[in-house]
Amino acid sequence: MDFAILVQVLESTLRLATPLLFACLAGLISERAGVFDIGLEGKMLAGAFMAAAIAFVSGNVWIGVAAAVGVSVVMSLIHGVASITFRGNQLISGVAINFLAAGITVVIAQNWFRQGGRTPSLSGDMRMQRIDLPFAEALRDVPVLGPIYHGILSGHGLLVYVGLLCVPLTWYMLFRTRFGLRLRAVGENPAAVDTAGISVIGMRYGAVAICGVLCGLAGAYLSTGLSAGFVQDMSAGRGFIALAAMIFAKWRPWHALGAVWLFGLLEAVANRFQNIEILGLAVPVQAMQALPYILTVVILAGFVGKAIPPRAGGSAYVKEH
Amino acid sequence: MSAARRIPHWADVTLVPLTSVVLAFLLSAVLIWAIGESPWQAVKLMVEGAFGSSYGWGYTLYYATNFIFTGLAVAVAFQARLFNIGGEGQALLGGLGVALVCLYIPWPHWSLALIAATLGAALFGAAWALIPGYLQARRGSHIVITTIMFNFIAASLLGYVLVNVLRPQGSQDPSSPRFPPEAHLPSLHDMLAVVGIPFSRVPPTNISLFIAVAMCFAVWFMLWRTRLGYQIRAFGESEPAAEYAGISPARITIYVMLISGALAGLMAVNSVMGEQQRLVLNAVEGAGFIGIAVALMGRNHPFGVFLAAILFGFLYQGGAELALWTSIPRELIVVIQALVILFTGALDNMVRMPIARLFALRGAR
């Protein structure tokens, strides 16, 4: 593999990892607050549709992004009502959200655009424009640094950089602010938080809403950045890969970045090469596709370090009287 | 849940799920109305399409057969309070089991092929569920996550096997060759013709419908008439109590997942052997997930699963007709399915509380 191909693969890794990163951080924040969310996939899909549809209608990608965030937050709140207010099963609620998104996006897309459940392709300002980082052109021909800065880091849509920025922000929010401390406490020991006079329900709704915003951004980047328009089921399991990355990262933001880069790299490599030879052994493309899931099972099984979720995750909080 | 106790049992098994379904249907009607179609017209089309002819009935029952298997699979796991989302992957592997049995062994008669294919499907499905079951039982890995992951791994595995192993030489299509004619199952048309009842020849309804009904009885018997079933239900009610009574949680978890996976795998006898007659990439078409809705609606009871499977069979066949005659796409059914899962599963308390309040009022009077 020569250097130019490596640069290309890493460049596409960065792009492919972006929706995973948003969704992974979304799940991380929700689960840190004790609300399991297997509906990341559905929220991302609904966001992808709204972003593409509204960007097409308005001609402005950012209005589309706002709409994506809006619809994703609404779906998050449905999840919140079911799992926080009515103390329903969080996993079942997540499954419902996934199906709701899978069905309703196609029904509405067909109704609005009559193109077989997709949006028209986006062009110009309806898509996320690539941003050239400062001095990218100037540094282009510098050896090593040039290809890395110009070839890999520069020239992505704004959301790629927002995603990268979200990692330290999430870390800071969770581990350096009062809100984050409370949020984590709600996921570990809600009764203690309640005793301190803080609303467990309020904290959990807050976390679920943030999760919605991030999933909306994931979906928006998917349909306006990675591709140019919405097609049926375009999230294609990315919400579950994000879930896998979250477990792989053991619910820690910086590790999440590493995990999504790894999974993004696998996707980039699988996209570029049909069959890869490693040490004379042909690795089929399906193995590359399955690898994130296999790695997650291995981590969950505790063969390579143990993934321990927040203690109160998955159960609704019932106040003692 | 204090509210739950105030509802009489009969209302708990009929009124609560029915209210949920009505709510789901009402919201779907609003959606149909919002996209500019008439909900009433849609219902009429669906009912006519699904029940108006033996053709419609055939397809309804064919889909229902799939959903009985996957619904039972989810229901058995739910009885032990295990959420098996892996029905999709287990059914895919079941399909592989069926295909290997039908392709590589020359069967003299369909009845022998059916027995072997049933065993193959159950074995492969169970094996695919065994790993998450084992990991849950022995390593504490969350079964929901591992079964989701196994769905994706199953899809990749099947893709590999179809493209690199089973695909006939020179074929572009990632699918296995057709099964030999000796492995063709008798259709409902053939079987009813013996007793002189005319039935449409077109739908793929076949003998596995009766296997599905038999499985409903078998699961009921297992759950309520055997020691294992008692242990499963006790484990589902309270894990510490069951453990105190000498029931091994690990053993029950693994047994339940084996049974659940086998049931999901059996679906392939109906779809792969009964309809497609070869193994294709997308052999399950989401039926594994519909099992979740079916089990929730059927209150995890085999009879409830049977009824809910017929309802979803109706929705699938009716939805196909709807897509044919109106501008409403088939995906509307996925929305209805989502709403059923939402109301019967996640928003159960929302439906339950007002009903409980009604009964409390009546009791006070």
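Check the entry above for the structure.
Computed from a prediction, not measured in an experiment: that's the story for all the values here.

### A look at the overall build of chain A
Along chain A, the regular secondary structure elements total twelve helices and four strands. A compact globule built from 321 residues would reach a C-alpha radius of gyration of about 20 Å, and chain A, at 20 Å, matches this within 12%. Dimensions along the principal axes, computed over C-alpha positions, put chain A at roughly 70 × 50 × 40 Å. Taking all 321 residues of chain A together, the buried fraction comes to 56%.

### Quick word on the interface of chain B and chain A
The interface is formed by 42 residues belonging to chain B together with 43 residues belonging to chain A. With both sides pooled, the region where chain B packs onto chain A buries about 3600 Å², and carbon together with sulfur makes up 81% of that total. By the criterion of area lost to chain A, the three top residues of chain B are B:Arg139, B:Met149 and B:Phe152, representing 16% of everything that side buries. Run the count over chain B and chain A and you get zero salt bridges. The tally of links from chain B across to chain A stands at five residue pairs in polar contact (both at pLDDT 80 or more).

### Thoughts on unusual backbone geometry
Only a minority of non-glycine residues have a phi that is not negative, and only a minority of peptide bonds are not trans. Residues and elements named next belong to chain A. Its identity is not glycine, yet Arg87 carries a phi of approximately 50 degrees, on the positive side. Along the chain, the position of Arg87 falls in the loop between helix H3 (61-85) and helix H4 (90-113). For Arg87, a relative accessible area of 36% gives the class partly exposed. If you check the backbone angles, Arg114 has positive phi at about 50 degrees while not being a glycine. Within the secondary structure layout, Arg114 lies in the loop between H4 and strand E1 (130-131).

### Notes on the packing of helix H10 (residues 238-248) of chain A against helix H11 (residues 253-272) of chain A
Residues and elements named next belong to chain A. As a packed pair, H10 and H11 sit with axes 9 Å apart at the nearest point and diverge in direction by 135 degrees. Looking at the two axes, H10 sits oblique to H11. Between H10 and H11 the crossing geometry is right-handed. Residues Arg238, Ile241, Ala244, Ala245 and Phe248 of H10 touch H11, and the partners they reach there are Ala259, Val260, Leu262, Phe263 and Glu267.

### What about the environment of A:Ser83?
Residue and element names in this part refer to chain A. Residue position: Ser83 is located in helix H3. Overall, the relative accessible area of 1% leaves Ser83 in the buried class. Residues Ser83 and Ala220, 137 residues apart in the sequence, show an inter-C-alpha distance of 26 Å. Looking at Ser83, its side chain comes within polar contact range of the main-chain oxygen of His79, at 2.5 Å.

### A few points about the state of the cysteines
Residues and elements named next belong to chain A. Following the criterion strictly, the structure yields zero disulfides over all chains and no others. Cys24 provides the cysteine sulfur closest to Cys166, a residue in no disulfide bond, and the two sulfurs are 12 Å apart. Exposure remark for Cys166: the relative accessible area of 12% places this residue in the buried category.

### A closer look at the pattern of salt bridges
If you walk through the whole model with that rule in mind, you get eight salt bridges over all chains. In this structure, the salt-bridge partner of A:Glu11 is A:Arg15, at a minimum N-O distance of 3.4 Å. Here A:Arg15 and A:Glu11 lie together in helix H1 (residues 3-32), a separation of four residues that amounts to about one turn. With a relative accessible area of 18%, A:Glu11 lands in the buried category. For the salt bridge of B:Arg352 with B:Asp348, the shortest nitrogen-to-oxygen distance reads 2.9 Å. Separated by four residues within a single helix, B:Arg352 and B:Asp348 lie in helix H17 (residues 348-364), roughly one turn from each other. Owing to a relative accessible area of 14%, B:Asp348 belongs among the buried residues under this scheme. Taken together, the salt bridges that share partners define one network made up of B:Asp12, B:Arg299, B:Asp348 and B:Arg352.

### Let's talk about the packing of aromatic side chains
Residues and elements named next belong to chain B. One pass over the full model with this rule turns up 18 aromatic pairs over all chains. With 4.7 Å between their ring centres and 50 degrees between their planes, Phe51 and Trp57 make a pair best called tilted. Among the residues examined, Phe51 registers a relative accessible area of 29% and is labelled partly exposed. Put simply, the rings of Tyr55, Tyr59, Tyr62, Tyr63, Phe67 and Tyr316 touch in pairs and so form one group of aromatic residues.

Parameters at a glance
- Residues numbered from 1 in each chain as written.
- Chains lettered and ligands numbered in written order.
- Predicted model: local features only at pLDDT ≥ 70, side-chain atom pairs only at ≥ 80, totals over all residues.
- Heavy atoms only, no water.
- Helix = DSSP H or I, 4+ residues; strand = E, 2+ residues; numbered from the N terminus.
- Rg over C-alpha atoms; globule rule 2.2 N^0.38 Å.
- Buried < 20%, exposed > 50% of the residue type's maximum accessible area, 1.4 Å probe, protein only.
- Contact = heavy atoms within 4.5 Å.
- Buried area = accessible area lost by both parts, 1.4 Å probe.
- Salt bridge = Lys/Arg side-chain N within 4 Å of Asp/Glu carboxyl O.
- Polar contact = N/O pair within 3.5 Å; in protein donor to acceptor, adjacent residues only side chain to side chain.
- Axes fitted to C-alpha atoms, helices over the stretch in contact; angles between N-to-C directions.
- Parallel < 35°, antiparallel > 145°, perpendicular 65-115°, else oblique.
- Left-handed = near helix turned anticlockwise from the far one by under 90°.
- Disulfide = S-S within 2.5 Å.
- Phe/Tyr/Trp six-rings, centres within 6.5 Å; stacked < 30°, edge-to-face > 60°.

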